[in-house]
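# Structural overview
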Amino acid sequence: MPLRLTELLKREEQKKSKVNACGGIFINEYHRAEEREFEFGKISQISLGEKGRGRKLLTLTAPEGCELKEGNNPDFTITQTKSGNWRVSENTRHDLTQYVLLSAEGGYTRRGNGWIGRHTANTAEYELLAKGNGADGDAGRIGQWDVVLLKVVGKPQTDWLRIRRGGGGYGTDPQFLYIGTKGIFYFKTIEDMEIFCAGCNIETPTPQHEEKNSPWVDVTY
């Protein structure tokens, strides 16, 4: 096995989730619950996106001090509050359901919106539970970037999600999340994704999104 692939797999192994074995919440960037004060009291929440015109804050009630580290977090799962809102809970019942919490936040969105796509050849469904967004400019008129909470429904074989970070124009790489029989791997460059596919004998997905005949579909639609 080539040295580069060996190093890549070893590094990603720590972030990997065997989807059909442990479940949990995969997140592509670290978040820690923060206490927010309301008229009725204080609540601990994990927040993604932004609040304001042309923006939407995605908030998840979470245990106090809860930390979701980059990668899969099998010790936590998603449940619902009595009012029907989604929340992060300790996975004391060993729920095997896999959830994905992704952010496309990046640079200044005049250079391109941040969005998250799924590959049309995926074998599992990616149910959109909640979404939010951040933006640049008055009422988000310059551009925006998405955040999503997804539930993996079914058994993914060789599934891909594509994350185009906001402001990711001018030759910067999109990022990729593989979910399948080998676990969960997150790739921040096209090169790392292609090395993984070659070493594991997996068909490489088309990395770029074209307006016509693209295999990538926005998960928020």
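Look above for the structure.
What comes next concerns the included structure.

Here is what the cut-offs are and how they apply
Residues numbered from 1 in each chain as written. Predicted model: local features only at pLDDT ≥ 70, side-chain atom pairs only at ≥ 80, totals over all residues. Heavy atoms only, no water. Helix = DSSP H or I, 4+ residues; strand = E, 2+ residues; numbered from the N terminus. Buried < 20%, exposed > 50% of the residue type's maximum accessible area, 1.4 Å probe, protein only. Contact = heavy atoms within 4.5 Å. Core = buried A, V, L, I, M, F, W, Y, C linked by side-chain atoms within 4.5 Å. 1 Å grid on protein atoms, 1.4 Å probe; cavity = no way out; pocket = protein on both sides within 12 Å on 5 of 7 lines; lining within 4 Å. Points joined across faces, edges and corners; volume = space filled by probe spheres on them. Nonpolar A, V, L, I, M, F, W, Y, C, P; charged D, E, K, R; others polar. Phe/Tyr/Trp six-rings, centres within 6.5 Å; stacked < 30°, edge-to-face > 60°. Pairing = 2+ DSSP bridges. Axes fitted to C-alpha atoms, helices over the stretch in contact; angles between N-to-C directions.

Here the focus is the overall build of the protein chain. Helix and strand counts for the protein chain stand at two helices and 17 strands. Within the protein chain, the proportion of its 221 residues that are buried is 48%. Here the analysis covers contacts within the protein chain between residues at least 6 apart in sequence; of these, 63% occur between residues at least 24 apart.

Our next topic: the nonpolar core. Judged by nonpolar contacts, the single largest core of 37 residues is most densely connected at Leu68, Val88, Val100, Leu102 and Leu177. Of the residues forming this core, the biggest block, six residues, is contributed by strand β13 (residues 143-153). Residues Trp115, Trp160, Phe187 and Cys200 belong to the second largest nonpolar core, which totals 13 residues.

Take the layout of surface pockets next. Within this model, the largest pocket holds a volume of roughly 240 Å³. Lining of the largest pocket is provided by 13 residues; of these, Gln45, Thr59, Leu60, Asn85 and Trp86 occupy positions nearest its centre. Put simply, the parts of the chain that give the lining of the largest pocket at least two residues each are β4 (41-49), β5 (57-61) and β12 (125-136). It is β5 that provides the largest number of residues to the lining of the largest pocket, a total of five residues. Of the residues assigned to the lining of the largest pocket, the class counts are six nonpolar, five polar and two charged. Lining the second largest pocket, in full, are His119, Ala121, Asn122, Thr158, Trp160, Ile202, Glu203, Thr204, Pro205, Thr206 and Pro215. Class assignment for the residues of the lining of the second largest pocket results in five nonpolar, five polar and one charged.

With that settled, consider the packing of aromatic side chains. If you walk through the whole model with that rule in mind, you get ten aromatic pairs. Seen from their ring centres, phenylalanine 26 and tyrosine 186 are 5.9 Å apart, and the 45° between their planes marks the pair as tilted. Linking phenylalanine 26 in strand β1 (residues 24-27) with tyrosine 186 in strand β16 (residues 183-187), this pair joins segments that are 160 residues apart in sequence. As far as burial versus exposure is concerned, phenylalanine 26 and tyrosine 186 are alike and both buried. Ring geometry for tyrosine 178 versus phenylalanine 185: centroids 6.4 Å apart, planes at 45°, classification tilted.

A few words now on the sheet that holds β13. With mixed pairing, the five strands of this open sheet are ordered in space as β7-β1-β10-β13-β12. At either end of the open sheet lies a strand with only one pairing partner, and these are β7 (71-73) and β12. Ignoring strand direction, the axes of neighbouring strands in this sheet form an average angle of 15°. Relative to β13, β12 runs antiparallel, the two sharing eleven bridges. For glutamate 127, the partnering residue across the bridge sits in β13 and is lysine 151.

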